[in-house]
Amino acid sequence: MNLEKVVFAFFILLAATLNGGFVYGDIDNPDHHSQWEFFAALVVNIIAAVLKFGDRTQLGAIHLATSLVACLQLSAAALLWFFAPTTAAGTLAPADMAEVVSLAAGALFANVVSVTLMIVETARQRR
Amino acid sequence: MRFSVVFIAFRRLRAPIITLVLIFAVGISGLVLIPGADENGAPWHMTFAEAFYFMSYTATTIGFGEIPRGFSANQRLWVTLLIFASVVGWAYLVASLLAIARDSAFRSAIEEARFARAIRRLREPFYLVCGFGETGALVGENLDRLGRRFVVVDMNPDRIDHLALMDLSQSAPALCADARLPEHLLEAGLAKPQCKGVLALTDDDRANLAVAMAVRLLNPQTPVLARAESAAIARNMASFGTDHIVNPFERFGAHLALALAAPASQRLIDWLTTPPDATFVPSKPPPRGHWVVAGYGRFGREVTDALRAQGLDVTVIDPDESSLPGVRAVMGTGTEPGPLRQAGIASAVGVVAGTDDDIVNLSIAVTAKEMNPGLFTVLRQNLQASSPLFEAFQADITMVPSRIVANGCLAELRTPWLTQLLADIRARDNAWAEALLEQLGSLLGSRTPVLWRVRLEPEFAPALAQAMTGQIRVPVGMLTVNPDDRTHRLPALALGLARDRVFRALPDADEHLQLGDELLFAGTAGARRAQSHLLSDAGDCAYVLGG
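What you see is a predicted model, and the numbers here were worked out from it, not measured in a lab. (Residues numbered from 1 in each chain as written. Chains lettered and ligands numbered in written order. Predicted model: local features only at pLDDT ≥ 70, side-chain atom pairs only at ≥ 80, totals over all residues.)

J.: So what's going on with the overall build of chain A? Residues and values would help.
T.: Counting its secondary structure elements, chain A contains 4 helices and 0 strands. Taken from N to C terminus, the helices and strands of chain A fall in the order α-α-α-α. Out of the 127 residues in chain A, the part that is buried amounts to 35%. Restricting to contacts in chain A with at least 6 residues of sequence separation, those with at least 24 account for 67%. (Helix = DSSP H or I, 4+ residues; strand = E, 2+ residues; numbered from the N terminus. Buried ≥ 20, exposed ≤ 12 C-beta atoms within 10 Å, placed from the backbone. Contact = placed C-beta atoms within 7 Å.)

J.: Explain the pairing of strand 16 (residues 492-499) of chain B to me, and be specific about the residues and the numbers.
T.: Residue and element names in this part refer to chain B. Within strand 16, 6 of the 8 residues are buried, which leaves the element mostly enclosed by the surrounding structure. Across 6 bridges, strand 16 lies against strand 18 (residues 518-523) in antiparallel orientation. When the bridges of strand 18 are listed, L497 appears paired with L519. Pairing geometry for strand 16 and strand 17 (residues 502-505), over 4 bridges, is antiparallel. Paired with L497 across the strands is R504, a residue of strand 17. Connecting the antiparallel pair strand 16 and strand 17 is a turn made up of 2 residues, with D500 showing a positive phi of about 55°. (Pairing = 2+ DSSP bridges.)

J.: How would you sum up the interface of chain A and chain B? Please name residues and give values.
T.: Counting residues at the interface gives 11 residues for chain A, matched by 10 residues for chain B. Top element by residues in the side of chain A that touches chain B is helix 2 (residues 35-51) of chain A. It accounts for 7 residues. Grouping the amino acids of the side of chain A that touches chain B by side-chain chemistry returns 8 nonpolar, 2 polar and 1 charged. (Nonpolar A, V, L, I, M, F, W, Y, C, P; charged D, E, K, R; others polar.)

J.: Which residues make up the sheet that holds strand 3 (residues 126-130) of chain B, and what are the values?
T.: Residues and elements named next belong to chain B. One open sheet holds the 6 strands; their spatial order is 5-4-3-6-7-8, and the pairing between them is parallel. Both outer strands of the open sheet, strand 5 (174-176) and strand 8 (244-246), are each paired with one neighbouring strand and no more. Taken over all neighbouring pairs, the strand axes of this sheet differ in orientation by 15° on average, direction set aside. Where strand 3 and strand 4 (residues 149-154) come together, 5 bridges link them in parallel fashion. Along strand 4, the bridge assignment pairs C130 with V153. Strands in contact with helix 5 (residues 134-145) are strand 3, strand 4, strand 6 (195-200) and strand 7 (224-227); relative to strand 3, the strand with the most contacts, it is inclined by about 165°. Where helix 8 (residues 205-218) meets the sheet, it contacts strand 3, strand 6 and strand 7, and its direction lies at approximately 165° from that of strand 7. (Axes fitted to C-alpha atoms, helices over the stretch in contact; angles between N-to-C directions.)

J.: Would you mind going over the packing of helix 11 (residues 263-273) of chain B against helix 17 (residues 418-427) of chain B in detail, with residue names and values included?
T.: All names here are of chain B. Between helix 11 and helix 17, whose axes approach to 9 Å, the crossing angle comes to 170°. The orientation of helix 11 with respect to helix 17, classified from their angle, is roughly antiparallel. In the packing of helix 11 onto helix 17, the handedness of the crossing is right-handed. Residues S265, L268 and I269 of helix 11 touch helix 17, and the partners they reach there are L422, I425 and R426. Residue composition of the contact of helix 11 with helix 17, by class: 4 nonpolar, 1 polar and 1 charged. (Parallel < 35°, antiparallel > 145°, perpendicular 65-115°, else oblique. Left-handed = near helix turned anticlockwise from the far one by under 90°.)

J.: Residue-level account of the nonpolar core, with values.
T.: If you look at the biggest cluster of nonpolar residues, it comprises 133 residues, and the most contacted ones within it are B:V129, B:L199 and B:V211. B:L199 has contacts with B:Y127, B:L128, B:V129, B:C130, B:V139, B:L225 and B:C409, leaving out every residue within four places of it along the chain. (Core = buried A, V, L, I, M, F, W, Y, C linked by C-beta atoms within 7 Å.)

J.: Could you give an account of unusual backbone geometry, naming the residues involved and the relevant values?
T.: All names here are of chain B. Look at R501: it is not a glycine, yet its phi comes out positive at around 65°. On the secondary structure map, R501 appears in the loop between strand 16 and strand 17. In this structure R501 comes out as exposed when scored by C-beta crowding, with 6 C-beta atoms within 10 Å.

J.: Requested: an account of helix 17 of chain B, with residues and values cited.
T.: All names here are of chain B. Buried within helix 17 are the following residues: L418, L421 and I425. An end-on view of helix 17 places all buried positions within 60° of arc, on one side of the element. For helix 17, exposure combined with an orientation more than 90 degrees from the buried face picks out A423 and A427. (Arc of directions from axis to C-beta.)

J.: Residue-level account of the environment of A:L18, with values.
T.: Residue and element names in this part refer to chain A. In this fold, L18 is placed in helix 1 (residues 3-23). Note on L18: 23 C-beta atoms within 10 Å, which makes it buried. Residues L18 and N45, spaced 27 residues apart in sequence, show a C-alpha to C-alpha distance of 9.3 Å. Once residues lying within four places of it in the same chain are set aside, the contact partners of L18 are E37, A40, A41 and V44.

Everything listed here is a matter of coordinates, which is why it stays silent on function.
Set out below in structure tokens:
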């Protein structure tokens with residue numbers, strides 16, 4: 001067992017699961033979308049992208065690209081959260097929340113591609 | 001290839017970047033979680049945005065000082081920890097960056113990328129010099145003086161550094177790599193149409209052979225000039241059509257033989273091959289009689305053969321050779337009086353010091369000269385660095401292999417057809433050379449001649465080519481008429497005429513020229529300028545032809 005491979009797979013999967021967990025729920029209901037989960041998803045996605053640096057193969061390049069897309073989507077969502085006015089309860093207005101979640105849903109798609117790539121790569125090696 | 005630099009950098013920076021990301025993440029989490037108190041004493045939490053902002057200016061040690069509110073004791077403790085952790089994180093990243101910058105793999109990747117860009121941007125014709133030792137440096141220096149560009153491939157980084165320190169008028173891209181590998185030759189622009197020639201000048205015969213072979217296969221149109229010190233390698237190179245092979249030892253042997261057999265021919269060749277800005281000092285012809293050759297290596301063998309071919313009596317001194325077929329041999333080193341005396345130095349007319357050690361050679365010459373002051377001395381100088389010693393000794397002939405190879409290559413590059421002319425001179429007799437020397441001497445005095453080629457094509461000689469397409473017949477002599485006063489002649493002489501790639505020396509002055517002919521001229525720089533007017537200026541051309 002290669003520890004580096006475990007770490008790599010762990011972060012890619014964690015990035016996807018956290019992202020998915022955040023997106024899950026009513027799109028405009030702030031109670032369904034945890035700020036902490038979003039924060040964790042962003043951090044893990046950045047780490048996953050950094051882990052993919054420096055792989056010169058074609059598959060490695062696509063891997064890196066999917067992670068960069070996910071980071072970009074999540075950063076856009078974070079910026080939105082950063083600038084959006086908060087309500088009296090300290091949460092976002094439903095319209096803003098919906099925008100943040102939809103951007104995060106885009107990132108989720110990129111993460112799904114990344115996980116699929118990883119599975120395909122593993123399956124190919126088995127053969 | 002181009003991105004390899006970036007990839008290497010990113011790979012190495014993974015760990016420090018992840019460390020920093022984690023420090024940020026933990027720090028931000030703590031800042032958000034730990035409660036502070038507002039002015040009224042009510043508990044208050046930082047938002048993620050505020051925490052990120054605070055973290056950014058604290059972690060980078062900028063310490064902006066703008067904080068949302070005064071911190072509680074818990075917050076202060078956490079921030080203290082953060083400051084230390086983040087400084088360590090940044091220091092780790094900076095240290096990794098510096099390590100990459102110092103890393104040799106990274107640096108060579110950068111050098112290679114820079115070299116590739118320089119080659120891509122090279123739009124002028126250039127020569128590819130493989131091996132930048134003494135010979136390569138001499139050739140490079142002279143190419144630069146002639147205004148030609150060159151590219152260097154050498155696997156010794158010291159020599160690449162030496163190139164960087166040379167005072168060149170135009171930059172010469174250099175690649176520190178093994179020229180034996182074809183990929184490096186291609187990287188250095190072998191396949192580019194601007195590559196006018198390849199010079200294989202390394203001190204390894206087999207490497208030169210590999211280069212010559214690679215060029216023959218990868219870019220057959222490009223001429224190859226190769227240095228070969230062993231006869232077998234030279235034959236091998238010739239077998240697949242290497243254009244020009246220079247064997248310094250064989251060349252020197254031929255030189256010595258010619259100097260003995262036909263001194264005037266040798267003087268003529270020396271005179272024609274002296275670089276234009278150097279002063280020509282005619283060498284004393286070697287005397288006939290008994291010769292002592294100390295050191296019987298590649299050099300000694302060539303010299304002994306050359307001397308014996310001229311019917312001279314030769315004695316060899318060598319530590320390993322006690323008996324040689326047909327030659328009298330003495331065992332010893334030649335640096336001691338004993339073996340020299342035994343070899344008959346007292347009655348000899350000349351001594352050749354030809355070992356591969358400069359100090360030994362000087363020692364032989366000095367000892368021999370003490371025993372017989374009238375000796376003609378031939379010295380082999382292996383290293384350019386020994387020059388001061390050899391200049392101080394003032395041997396009658398100093399043979400420097402690197403200089404012989406460099407001059408051989410340069411003569412070929414500088415003036416096409418010169419090699420053919422020199423071969424012709426060697427083939428003719430002494431009297432012919434004497435006559436030519438006299439003729440050139442009356443034109444030029446003691447100056448060294450400028451040699452140049454004239455191509456009778458519309459592109460290079462528009463006015464004359466125009467006239468020749470009419471019915472006007474132009475004899476060779478017409479090209480040396482002074483365009484300012486047609487009753488006078490320019491101080492220049494047509495040394496050869498090449499028609500359909502066949503070269504003939506000394507064409508008659510009244511021989512008629514054809515379009516497409518190439519001529520080799522020797523003369524003064526002024527004559528060359530005046531002649532170029534005649535070739536390209538319709539008025540001058542008509543004036544000369546009208547007479």
